[in-house]
Structures are given as C-alpha cells and as structure tokens.
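Architecture at a glance
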Amino acid sequence: MKALPHIALLACFSVLFLVGCDANLNAIPGPPFAYDDFGTESMASDLLGPKGKDTQVIARFGSTNSTPPAGGPDVRYVGVAQAMNHLRHSVRKLAKTPENQALYQRLATTYSRLYRQYSSKRDAFMAVPSASYGRGGMNRALMMPPMPPTI
C-alpha cells in the first residue's frame, strides 16, 4: 500500500510527458524561405502545394506539411533533405537558356542555404560515437547520406 502513491505519481508524470511530446520532436526549424525560393509555382507545387498570398516555407528535419493552416499565417514545412533533392531535380529539368539564369541562381542560393543546415546536422550526427549493435547494426551514413555542396 505504501507503493500506491508512488505508482500514481509516476503514472501522472508519464501522462504529462506523453501529452507534451510532439510528433516531430526532431523538427527543429531553420531559417524561413519564400515560396519563390523553390522556383516557379509549377516547379514547387509538387513539394509545397499551391502558392498562397504570403507563403513562408520553413525547412526542418521532420516531416513535410504542404497543407496551409486553416487560420493564421500561410506557413509550409518541408524536410531539408527532401527540399534539397527537389531542388536538384528541378535544376536538372530546367532548360539552360539566358532567361532561366536568374531562376537557376535563386535555386542555387536556396540549395546552398539548405546545404549549410543539412551538413551541420550531418556532421554532428556522424561525430557522435555509435553504439554497438552487433554485426547487423545500421550504417549511420545511410540514414543521412552526404549531399553535394552545390547544385
């Protein structure tokens, strides 16, 4: 009977902890981007959804959410690695004409900002000594693969 208050207290703290946890605990946001930083609407709509009035894009290490909230500012969340792969794919499809040079430069600038964010997290992730999981352990380099520094 003496243990009953301790168990009840532990149960209360467990519930409070679980309620306070977010589904995107690893979703630390980076600097905001404009919707146009990811190209024209036809290029970026696959990743970000349709363009709004003042759409702001937040790159983070978490899931992508391209649905704008019902109320409040129009903010879209995108995964850093997914955004980088999308930019690389968009640049490959972009025709190499003088008219597209400004768009190419904008996409390259966006990529370099994302690369700084990705590489700092990857460097920290790879610098931590790994736990020994035996012979079938997961290769951490596969979890966060190296990305090219430029498009």
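Residues numbered from 1 in each chain as written. Predicted model: local features only at pLDDT ≥ 70, side-chain atom pairs only at ≥ 80, totals over all residues. Heavy atoms only, no water.

Side chains that carry opposite charge are capable of pairing whenever their charged atoms lie near each other. Throughout the structure, instances matching the rule amount to 3 salt bridges. For the salt bridge of Arg 76 with Asp 74, the shortest nitrogen-to-oxygen distance reads 2.9 Å. A residue is classified by how much of its surface remains accessible, and Arg 76, at 2% relative accessible area, is buried. Asp 74 gets classed as buried once you look at its relative accessible area, which sits at 16%. (Salt bridge = Lys/Arg side-chain N within 4 Å of Asp/Glu carboxyl O. Buried < 20%, exposed > 50% of the residue type's maximum accessible area, 1.4 Å probe, protein only.)

What follows deals with the packing of aromatic side chains. Applying the stated rule across the entire model yields 2 aromatic pairs. Look at Phe 33 and Phe 38: their rings are 5.6 Å apart centre to centre, the planes differ by 65°, and that puts the pair in the edge-to-face class. Comparing Phe 33 with Phe 38, the two get one shared label, buried. One cation-aromatic arrangement involves Lys 121 over Phe 61; the distance from NZ or CZ to the ring centre is 4.9 Å. (Phe/Tyr/Trp six-rings, centres within 6.5 Å; stacked < 30°, edge-to-face > 60°. Lys NZ or Arg CZ within 6 Å of the ring centre and 35° of its normal.)

With that settled, the discussion passes to the pairing of strand β3 (residues 75–79). Two faces belong to every sheet, and in a regular strand the side chains alternate between them. Buried residues dominate β3, accounting for 4 of its 5 residues. Alignment of strand β2 (residues 56–60) against β3, held across 5 bridges, turns out to be parallel. Bridge pairing in β3 places Val 57 opposite Arg 76. (Helix = DSSP H or I, 4+ residues; strand = E, 2+ residues; numbered from the N terminus. Pairing = 2+ DSSP bridges.)

Running from N to C, helix α3 (residues 80–93) and helix α4 (residues 101–127) point in directions that differ by 155°, and their axes come no closer than 10 Å. Looking at the two axes, α3 sits roughly antiparallel to α4. The two elements α3 and α4 cross, and the hand of that crossing is left-handed. Listed contacts from α4 to Val 80, Ala 81, Ala 83, Met 84, Leu 87, Arg 88 and Val 91 of α3 are Tyr 104, Leu 107, Thr 110, Tyr 111, Leu 114, Tyr 115, Gln 117 and Tyr 118. (Axes fitted to C-alpha atoms, helices over the stretch in contact; angles between N-to-C directions. Parallel < 35°, antiparallel > 145°, perpendicular 65-115°, else oblique. Left-handed = near helix turned anticlockwise from the far one by under 90°. Contact = heavy atoms within 4.5 Å.)

Turning next to the nonpolar core. In this structure, Phe 38, Leu 48, Val 78 and Leu 114 are the most contacted members of the largest nonpolar core, which totals 24 residues. Elements with a contribution of two residues or more to this core: α2 (41–48), β2, α3 and α4. Each residue touching Leu 48, except ones within four places of it in the same chain, is listed here: Tyr 35, Phe 38, Val 57, Ser 66, Arg 76 and Val 78. (Core = buried A, V, L, I, M, F, W, Y, C linked by side-chain atoms within 4.5 Å.)

Two elements in contact, α2 and α3, have axes whose closest approach is 11 Å; the angle formed by their N-to-C orientations is 150°. Relative to α3, the element α2 lies roughly antiparallel. In this structure, α2 crosses over α3, and the sense of that crossing is right-handed. Contacts between α2 and α3 involve Met 43, Ala 44, Asp 46 and Leu 47 on the former and, on the latter, Gln 82, Ala 83, His 86 and Ser 90. Grouping the constituent residues of the contact of α2 with α3 by class yields 4 nonpolar, 3 polar and 1 charged. (Nonpolar A, V, L, I, M, F, W, Y, C, P; charged D, E, K, R; others polar.)

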